[in-house]
Amino acid sequence: RTHVFWGFSKPRSQNSRTRQQGIMEENRSSRPPAEAKARVNDDKGVAAIKTQYLTTKEQFHESLDARRESVGKTAEGSEAQGEAQESREDVTEEPQAKKIKLADEGKEGGKRRDKRARGQFKSRPHMKPNSYDNRRLCPSIVQENASKCFFGEKCKFFHDISEYLALKPADVGERCYIFDTSGKCCYGLTCRFSKAHIGEGFKNLVNEELLKKTEGRVTVKNRLDKDLQQRLRKRQVSFSASEDFLETINKGSHQGSAAKKNGTNGATPGNLPTAAGENSAPDTPPAGPGGVEGPTGVQEAGSKRQPDDAQDGGVPSSVETKGLDLAQESLEKRAPLKTLGALTDADVVKLRPCEKKRVDFTDKLYLAPLTTCGNLPFRRICKRLGADITCGEMAMCTNLLQGQASEWALLKRHESEDLFGVQLEGSFPDTMTKCAELLNDNIEVDFVDINSGCPIDLVYNKGGGCGLMTRTRKFEQIVRGMNSVSRTAVEM
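Parameters and conventions
- For every chain, the first residue of the written sequence is number 1, and numbering continues from 1 onward in sequence order.
- The predicted origin of the model limits local features to residues at a pLDDT of at least 70 and limits the giving and counting of side-chain atom pairs to 80 or more, whereas totals for whole chains, interfaces and linings rest on all residues.
- Excluded from the side-chain calculation are hydrogens and water; included are all heavy atoms of the structure.
- In this text, buried Ala, Val, Leu, Ile, Met, Phe, Trp, Tyr and Cys residues form a nonpolar core when linked through side-chain atoms within 4.5 Å.
- Exposure is judged per residue with a 1.4 Å probe applied to protein chains only, and the accessible area is read against the type maximum: over 50% gives exposed, under 20% gives buried, and values in between give partly exposed.
- Counting from the N terminus, the helices are DSSP H or I runs at least four residues long and the strands are E runs at least two residues long.
- Contacts were defined at the residue level, with two residues in contact if any of their heavy atoms lie within 4.5 Å.
- The convention used is that axes are lines fitted to C-alpha atoms, helices contributing only their stretch in contact, and that angles between N-to-C directions extend from 0 to 180 degrees.
- When describing relative orientation, an angle under 35 degrees is termed roughly parallel and one over 145 degrees roughly antiparallel, while 65 to 115 degrees is termed roughly perpendicular and anything else oblique.
- Whether a crossing is left-handed or right-handed is set by the direction in which the near helix is turned from the far one by less than a right angle, anticlockwise for left-handed and clockwise for right-handed.
- In this classification, Asp, Glu, Lys and Arg are treated as charged, Ala, Val, Leu, Ile, Met, Phe, Trp, Tyr, Cys and Pro as nonpolar, and every other residue, Gly included, as polar.
- An arc is given here, and it is the one of the directions from the helix axis to the C-beta atoms.

(A) Region of interest: the nonpolar core. In this structure, Trp 408, Leu 411, Leu 424, Leu 438, Leu 439, Ile 450 and Met 482 are the most contacted members of the largest nonpolar core, which totals 30 residues. Residue assignment for this core shows that the elements contributing at least two residues are α9 (226-233), α15 (397-401), β7 (420-425), α17 (429-442), β8 (447-450) and α19 (472-485). The greatest single-element share of this core, amounting to five residues, is contributed by α17. In this structure Ile 450 touches Leu 424, Met 432, Leu 468, Phe 475, Ile 478, Val 479, Met 482, Val 490, Glu 491 and Met 492, once residues within four positions along its chain are discounted.

Here it is in structure tokens:
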């Protein structure tokens, strides 16, 4: 290195170098001992290590051998101590009892815990008090039966009215809605508005005039009968009209498949082409309308090939429509069933489309079917607020055919609903047609709505709901089948 002074360079002298080395040695001696040890080696690329961490290979192997010897001694001592303790227990004490495994432990514990976490948490703290179950009044006293309690002294309910009223919580209000509307409250002393209809001697008061007016009045219709539920579960309900329609659909599909194999598009066996390419029909075709001779519709179908635009199985559309027309004709020509009593026109004559009951939706407020929301109380409120037409929640046709009470509860109709319909969900013609016939014979509705817009995966994966919009052939069969067996309007 050189010193630059006034633009001239001059090499550094020997004296300056020695002077600088002396200054560096003084600085090193003035540093604290820890810092001096850390900077023992100032060479480039070598990390400075404290002397207390420096070791040799011999020292490292000696430390490993010593550690192994100490571990072996401790293991031998613990084994000897365990054997001595076991020998003492065998001589003096009895063996300890096994620990009881909890339900959550073990191999199956994890599966149970996962299964419980996926479902409903039933061990949660319930807010509903259970104290009322222990202080209920005997039903024989509530219903004011003349005979005594059937269980006698073994009955677990209260028979002392004064004791029951002492434990009963205070009434909610002073007027009972059931007593004001029907003239008699069926709950009697257990009613939370019992002050309005309890007289002297703890007797339930009755308004005779109002009771006579409301006698035989049914506020809620379309209830599931127990007899019908048992017959549905045993599969003893007759679906004759639906089976006739489904048979014609099967015949049409079989004719379409046979015609497709033979290379024709819906021609009958009498009009199929021969091996020479000539039709087996007579040479002179019958006269058409107006006296003009021409080929018949069947011959035209045999001579001209229609475009194959069928869906879901490759059945031609002409054959499909022909099969559906055959279904309508067979239903019209069906022999009447044997019935008891006098025959009426409804037993013999089929209802024409123009005679079916229709619903006029023009200038009317329609309450759409709302799943898990549009129940009976909600519809009553909407009806009071100005709704003209109401519709029940979406009901699965398969559950209705199985007689499930929870699904039939969606079809209940209040007396205030003058125009009421139900919505059915299904993906196949057989179940939808049978369900329409079942509802037609057992409940009172003004129209039946077909669900064709539900996007739920559970419904769509089975081909129902919005999946029907892509299955036009099945959708057409469902509409035609339900329309053929129902006396009410079919909407979608």
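(B) Local environment of the packing of α17 against α19. At a closest axis distance of 8 Å, the pairing of α17 and α19 adopts a crossing angle of 20 degrees. Taken together, α17 and α19 sit at an angle that is classed as roughly parallel. Here the hand of the crossing between α17 and α19 comes out right-handed. Here Pro 429, Met 432, Thr 433, Ala 436, Glu 437 and Asn 440 of α17 lie close against α19, whose contacting residues are Lys 474, Gln 477, Ile 478, Gly 481, Met 482 and Val 485. For the contact of α17 with α19, the residue count by class is six nonpolar, four polar and two charged.

(C) Focus on α9. Along α9, the positions that sit buried rather than exposed are Leu 228, Gln 229 and Leu 232. In an axial view of α9, the angular spread of the buried residues amounts to 100 degrees, which keeps them on one side of the axis. Where α9 is buried, its residues meet α15, α16 (405-408) and α17. Phi turns positive, to about 60 degrees, at Arg 235, one or two residues after α9.

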